[in-house]
Amino acid sequence: MIELTQWPSLTDPVMIAAFEGWNDAGEAATSALEHLARVWDAEPFAALDPEDYYDFQVNRPTVARDADGERRITWPTTRLLAAHVPALGRDVVLVDGIEPSMRWRSYVIELLEAADRLGVTAVVTVGALLADVPHTRPIPVNGTSDDDELLRQAGIERSTYEGPTGIVGVLSDAATQADLPSVSLWAAVPHYAGGGPSPKASLALLRRIEELLDVTVDLEDLPDQAHAWEHGVDELAEGDSEVSEYVRALEEAKDTSELPEASGEAIALEFERYLRRRDDDPPRRG
């Protein structure tokens, strides 16, 4: 761990992590994390040594001139930032990373050692994936956890996914193995519109983080960006009959799945209303 500044003293911190790469469709997760870093005035204090985890032919360093006009090389890495968030009543550690090329187990061990050193009491991993969802409807954000306490929260379920995983899944599992409560939030980005940044998906993730942490996040102009993105995809779909037809099919499937009569909970509520009506009816006279 490379110390950039003195390690901060934090109060009941929660760690929020997002990673560029396979786990970041539409750059939604990393954009959401960078938004939090900006509005919460997060300060970097440490970074992982990139020499240990990155293939520089895959994630190349970049060169640019600094404020003094000197050419400087910036190496790909994972940074840790700290933020004091009075409205939250606790502090936040942000992990702004790139999915490593190698030594994943050492990578997550180093992150969890940092979490232990800082007194982190919960981990939130944030990701985004391409999915068959329409851009015209709210972006779905799925929350999963293996922690019994977190599973009691609305919208958090135990994951049933089986298959290849990324660094988000590895970090979440390592946190669970270390008895550190963790929850993973995943936004579903329309696959036909996942070629560039998706501010609508970033917005959906931030709103889910608000619900999870019970805090209000300054969204700045992100809602306007999300609206402009949706309008741009509208124009894309209108210019291609196949895409337009496909979007309509996705909309119909989404709307049908959300009809009240399609919900088991709605059926249960309707049955309860029926029972109440029956109880309220006066008895019939023979």
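Per chain, residue numbering runs from 1 following the sequence as it is written. Restriction of local features to residues with pLDDT of at least 70 applies here, the model being predicted, together with a cutoff of 80 or more for giving and counting side-chain atom pairs; totals for whole chains, interfaces and linings are based on all residues. Side-chain descriptors were evaluated using all non-hydrogen atoms of the structure, hydrogens and water having been removed beforehand.

K.L.:
Would you explain the packing of aromatic side chains in this entry?
P.N.:
Each aromatic ring pair is specified by the distance between its two centres and by the angle formed by the two planes. Working definition: a ring pair exists when centres of Phe, Tyr or Trp rings (six-membered ring for Trp) sit within 6.5 Å. Plane angles under 30 degrees give stacked, over 60 give edge-to-face, the rest tilted. Tallying each qualifying case throughout the model produces five aromatic pairs. Seen in terms of ring centroids, Trp 7 and Phe 45 are 5.2 Å apart; in terms of plane orientation they differ by 65°. Their pairing is edge-to-face. In this pair, Trp 7 is assigned in the loop between β1 (2-3) and β2 (14-20) and Phe 45 in strand β3 (residues 43-47), connecting sequence segments 38 residues apart. Both residues of the pair, Trp 7 and Phe 45, belong to the buried class. An aromatic cluster is defined as three or more aromatic residues linked by ring pairs; in this entry it consists of Phe 19, Tyr 53 and Tyr 107. The rule is short: NZ of Lys or CZ of Arg within 6 Å of the ring centre and within 35 degrees of the ring normal puts a charge over the ring. A cation over a ring is seen here: Arg 117 above Trp 7, with NZ or CZ 3.9 Å from the ring centre. In DSSP terms, a helix is any run of H or I states spanning at least four residues, a strand is any run of E spanning at least two, and both are numbered starting from the N terminus. Think of it in three bands: with a 1.4 Å probe and only protein chains considered, a residue is buried below 20% of the maximum accessible area for its type, exposed above 50%, and partly exposed in between.

K.L.:
Help me out: how do you make sense of helix α5 (residues 167-177) in this one?
P.N.:
Along an α-helix, residues three or four apart share an orientation, since each turn contains 3.6 residues. Those residues of α5 lying buried are Ile 167, Val 168, Leu 171, Ser 172, Ala 174 and Ala 175. Buried residues along α5 cover an arc of 165° about the axis, so they all sit on one side. Residues are treated as being in contact if the distance between any of their heavy atoms lies within 4.5 Å. For α5, the elements touching its buried residues are β2, α3 (104-118), β8 (122-131) and β11 (182-190). Looking one or two places after α5, you find Asp 179, whose phi comes out positive at around 60°. This arc describes the spread of directions from the helix axis toward the C-beta atoms.

K.L.:
It is not clear to me how the environment of Trp 229 should be interpreted in this structure. Could you clarify?
P.N.:
For Trp 229, the position within the fold is in helix α7 (residues 222-238). Looking at Trp 229, the relative accessible area reads 12%, which means it is buried. Each C-alpha atom of the pair Trp 229 and His 135 lies 9.2 Å from the other, and the pair is 94 residues apart in sequence. Not counting residues within four places of it along the chain, the set of residues in contact with Trp 229 comprises His 135, Pro 190, Ala 193, Pro 197, Ser 198, Pro 199 and Lys 200.

K.L.:
Can you help me understand unusual backbone geometry in this one?
P.N.:
Only a minority of non-glycine residues have a phi that is not negative, and only a minority of peptide bonds are not trans. The backbone of Asp 12 shows a phi angle near 45°, a positive value even though the residue is not glycine. Note that Asp 12 resides in the loop between β1 and β2. Of note in the backbone geometry, Asp 41 takes a positive phi value of approximately 50° without being a glycine. Mapped onto the secondary structure, Asp 41 falls in the loop between α1 (28-39) and β3.

K.L.:
What's the story with a nonpolar patch on the surface in this structure? I'm lost.
P.N.:
Exposure above 30% relative accessible area and the absence of a salt bridge qualify a residue for a patch, where like charges join within 9 Å and nonpolar side chains (Val, Leu, Ile, Met, Phe, Trp, Tyr) within 5 Å. Calculation of accessible area relied on Shrake-Rupley with a 1.4 Å probe; when residues are assessed, cover is drawn exclusively from the protein chains displayed. Counted as salt bridges are all cases of a side-chain nitrogen of Lys or Arg within 4 Å of a carboxyl oxygen of Asp or Glu. A cluster of nonpolar residues, Val 63, Ile 73 and Trp 75, forms a patch on the protein surface that exposes about 300 Å² of accessible area. Turning to its location among the elements, Ile 73 is positioned in strand β5 (residues 71-74).

K.L.:
Explanation requested: α7 in the structure shown.
P.N.:
Here, expected helix span is obtained from the residue count minus one, scaled by 1.5 Å. An ideal rise of 1.5 Å per residue puts 24 Å on 17 residues; α7 measures up with 24 Å between its terminal C-alpha atoms. For α7, the complete set of buried residues consists of Leu 222, Ala 226, Trp 229, Glu 230, Val 233 and Ala 237. Buried residues of α7, viewed axially, fall in a sector of 100°; they line one side. Among the exposed residues of α7, those pointing more than 90 degrees away from its buried face are Asp 224, His 227 and Glu 238. Buried residues along α7 sit against β11, α6 (199-213) and α8 (241-257).

K.L.:
Is there a simple way to think about the sheet that holds β2 in this case?
P.N.:
Within a beta sheet, neighbouring strands are joined by backbone hydrogen bonds and run either parallel or antiparallel to one another. Strands pair, by our definition, only if DSSP identifies at least two bridges between them. The nine strands are arranged β1-β3-β6-β7-β2-β8-β11-β9-β10 in an open sheet whose pairing can be described as mixed. Since the sheet does not close on itself, it has two edges, and those belong to β1 and β10 (156-157), each with one partner. As judged from the four bridges shared by β3 and strand β6 (residues 79-85), these two strands associate in the antiparallel manner. The residue of β6 that forms the bridge with Pro 44 is Leu 81.

K.L.:
Can you help me understand the pattern of salt bridges in this one?
P.N.:
If charged atoms from side chains of opposite charge come close, those side chains can pair. What the rule picks out here adds up to 12 salt bridges. Note that Arg 158 and Asp 148 form a salt bridge whose closest N and O atoms lie 3.3 Å from each other. With Arg 158 in the loop between β10 and α5 and Asp 148 in helix α4 (residues 148-151), the pair connects residues that are 10 residues apart, well separated along the chain. Exposure remark for Asp 148: the relative accessible area of 51% places this residue in the exposed category. By sharing partners, the salt bridges in this structure join Arg 137, Glu 251 and Asp 255 into a single network.

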